[in-house]
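# Geometric and topological summary
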Amino acid sequence: MTRHEAQSQLDSDSVLPIANHTVIMAPPTLTTNNAAVLSANESSQARHLANSVASWYLATLDPHAPHSQNVELRLRHPVHVVTRCILYGNISGIEAGVTEELEALFNDDDAEIKDGGPETLTRRSAARMEAFLASCADALRGDEDPRHDEPRKLADGEGKDGSKKPISRPTSTPTRATSTASSSKTPKMHRQIEHGELLLRLDLYCRTLRRIRSIADYSNGTKQLEECIILYEPKKSIRSRVRLIVQTFLSNVDCVRDVRKTLMNLILKATLEVLAVEIWCEELSDTVDRLASEYEHKVSFGSLAFLSSPDSSVETHLAPLLIKYFEYLQMNWESLVSKCEIERMLRAVLDRDLRYFFKNAVFHSVGHILDVCRDERGFLDNIALPPPWKEGVFGKSSGGDGNKDMDAAINSYCSDAALVSQALRDLRREVITVNGQILSPAHNVPELAEYLGQILNSNQMKKSLGETKDSILRNGRRRLKKRVSNYTSDFGLELESDFFSGGESDSSVASKVDVGLVDVLARRLLIAASRTGAGGDAYFVVRDLFGGDEVEVVPHQSSGRVNQGTIEIIVKMTSAIIKSHAKFDIFAKPCGDSDPLIQFHTTTTETLTLQQSVDGSTVLLKEKKTKMTGWRTLAIRPAYYEKITA
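So, a few notes on the structure that sits alongside this text. These numbers come from a predicted model, not from an experiment.

### Points about the packing of aromatic side chains
Tallied over the full model, the rule gives 11 aromatic pairs. An angle of 80° between the planes, with centres 5.8 Å apart, marks the rings of F249 and Y295 as edge-to-face. Linking F249 in helix α8 (residues 235-252) with Y295 in helix α10 (residues 282-304), this pair joins segments that are 46 residues apart in sequence. Measuring from centroid to centroid gives 5.9 Å for Y325 and F326, while their planes differ by 75°, and the two rings are edge-to-face. By relative accessible area, F326 is classed as buried at 1%. An aromatic cluster is defined as three or more aromatic residues linked by ring pairs; in this entry it consists of F357, F358, F379, F546 and F600.

And the structure:
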């Protein structure tokens, strides 16, 4: 692809009204629409930055190193610099002589980038950049690719052996140290990406970032970065993305058995870039697999009938399929991003081998499930869930990154009126107890904090903090013995009364909960409510482990008042524990009026460490932040089933 051909595809977005895409999926607001349409000046800024990176890279790469190695060593840093420049820097000054400053940053990997932004890119911005670099690396199949052991047509400049040659840096490299080849043979020259193709890839990437920045500037910093903006990409950009995939596919496929693997790899990496996610979900993988199968079917039929050459088959059959695929992404981006984020969470918290075992296990009876769950008790009772503020903005697919500052992240969540309103509605559907006392339903955050404060500083609370350990343990053992004698699945049971068994027998000291702790518990309650039921981590883990093509996991609905889960707050002298209980029914598909096949109970537990400070004759309880603050433990266990004797 020549520079002129690439440039012809990079016309201003303003020539294609964004309204053309409203038939696919209605954008959030008209103002966001207008902000997402790049002006001629904004398009020129993106093009200028893309050209700067492309020119610098091709001038400084090592011609004796494979293309993929050059991408990693020479392209990564300038792409990172440009990413930060567009998202956080003085973008309006790009045309006014910033080129020299940018090139200085390109040349110095250790240079400190002062753009007023965060220390690191957001998680999803970093994911977009990594996917872009991976796609660039795949533009050429290098000599290090194991498929080079197979017979194929040699490209210009390639030797017959696939051995690596000593690498020497060109003397034209501005600031990097050079190395000389020790071999007497002339180092092999490797194929490198053409300027036109690299420019097109970079321009599409920079335009995406420029749209994100434009939308962020329009909101005046009141919203997080809107990471996925494929909805606003014009048809011209979509056609350019399709053309890149088609060209790379043609250059990388040598035989029939390469078709599916190569095509799926190229499409899925392009998908990660436009959705700004790290992992693709099962729906995306299945969709791309069907696309590859359909293309293989059409191509094999055309080839057998001698109707078309490989190049014409790609243009005739593959390009239209890819256009439809990107339209599918534009229409369903929000749900797809959410599913990708869920898949990311599941991969992070579930053991890979055990996850594979449960997803592929065939259970023959309820007894079989109980036996397997008993064998895997250690795993099912101790699934560690990371703090929600490190996994994104409490599950919001539009969010950019998990804020490392816990307080800032929680404040951001609690300042979102829509999220707080929904969380309060969820709380009113739950039965919430504080050391056994029922918390009255609240309609706003101050009211919730007031009700919590009344219970936490009540006489009954002070009495519960002073109960002796031995009496509670005796009662607990008595109930445990009575309760499990008639049940088969007797593992993993936690008595709700056990929360008092902490050994704090301090009835002689007057204890009082600090006002700050009341506020902390109120906020944590809102977070716990937003992550219980069908929208919580427990549901997604149970569905992943025990759901399937023939069964459906459904949150349990009790008759009368909706009470699918109970939230407990358990305050002791050294800790406060928040437990969210839920029940999930497993139904055979299609779900009708039949009874569930089995029911699972879950408990998500978060422990807040408390510190005591003495104020006169009163001991104040405050939160103490530790490295485990915010981490939760999920326990999954089957419901209790009675033994039936003949």
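### Details of helix α16 (residues 417-428)
Over its 12 residues, α16 runs 17 Å from end to end, which matches the ideal 16 Å to within 8%, given 1.5 Å per residue. When α16 is considered as a whole, its buried residues turn out to be V420, A423, L424, D426 and L427. Summarising the axial view, the buried residues of α16 lie within an arc of 160°, below the 170-degree limit, and thus occupy one face. In α16, those exposed residues whose orientation departs by more than 90 degrees from the buried face are A417 and A418.

### A word on the pattern of salt bridges
Opposite charge on two side chains makes pairing possible when the charged atoms of those side chains draw close. Inspection of every chain in the model, using the stated rule, returns 26 salt bridges. Residue E283 pairs with K339 through a salt bridge whose shortest N-O separation is 2.3 Å. One end of the pair, E283, is in helix α10; the other, K339, is in helix α11 (residues 310-349), with 56 residues separating them in the sequence. In this structure E283 comes out as partly exposed when scored by relative accessible area, which is 28%. Given the relative accessible area of 37%, K339 is considered partly exposed. Residue E552 is joined to K589 by a salt bridge in which the shortest nitrogen-to-oxygen separation is 3.7 Å. One end of the pair, E552, is in strand β5 (residues 551-555); the other, K589, is in the loop between β7 (575-588) and β8 (598-615), with 37 residues separating them in the sequence.

Cut-offs used in this document
- Residues numbered from 1 in each chain as written.
- Predicted model: local features only at pLDDT ≥ 70, side-chain atom pairs only at ≥ 80, totals over all residues.
- Heavy atoms only, no water.
- Phe/Tyr/Trp six-rings, centres within 6.5 Å; stacked < 30°, edge-to-face > 60°.
- Helix = DSSP H or I, 4+ residues; strand = E, 2+ residues; numbered from the N terminus.
- Buried < 20%, exposed > 50% of the residue type's maximum accessible area, 1.4 Å probe, protein only.
- Expected span 1.5 Å × (residues − 1).
- Arc of directions from axis to C-beta.
- Salt bridge = Lys/Arg side-chain N within 4 Å of Asp/Glu carboxyl O.

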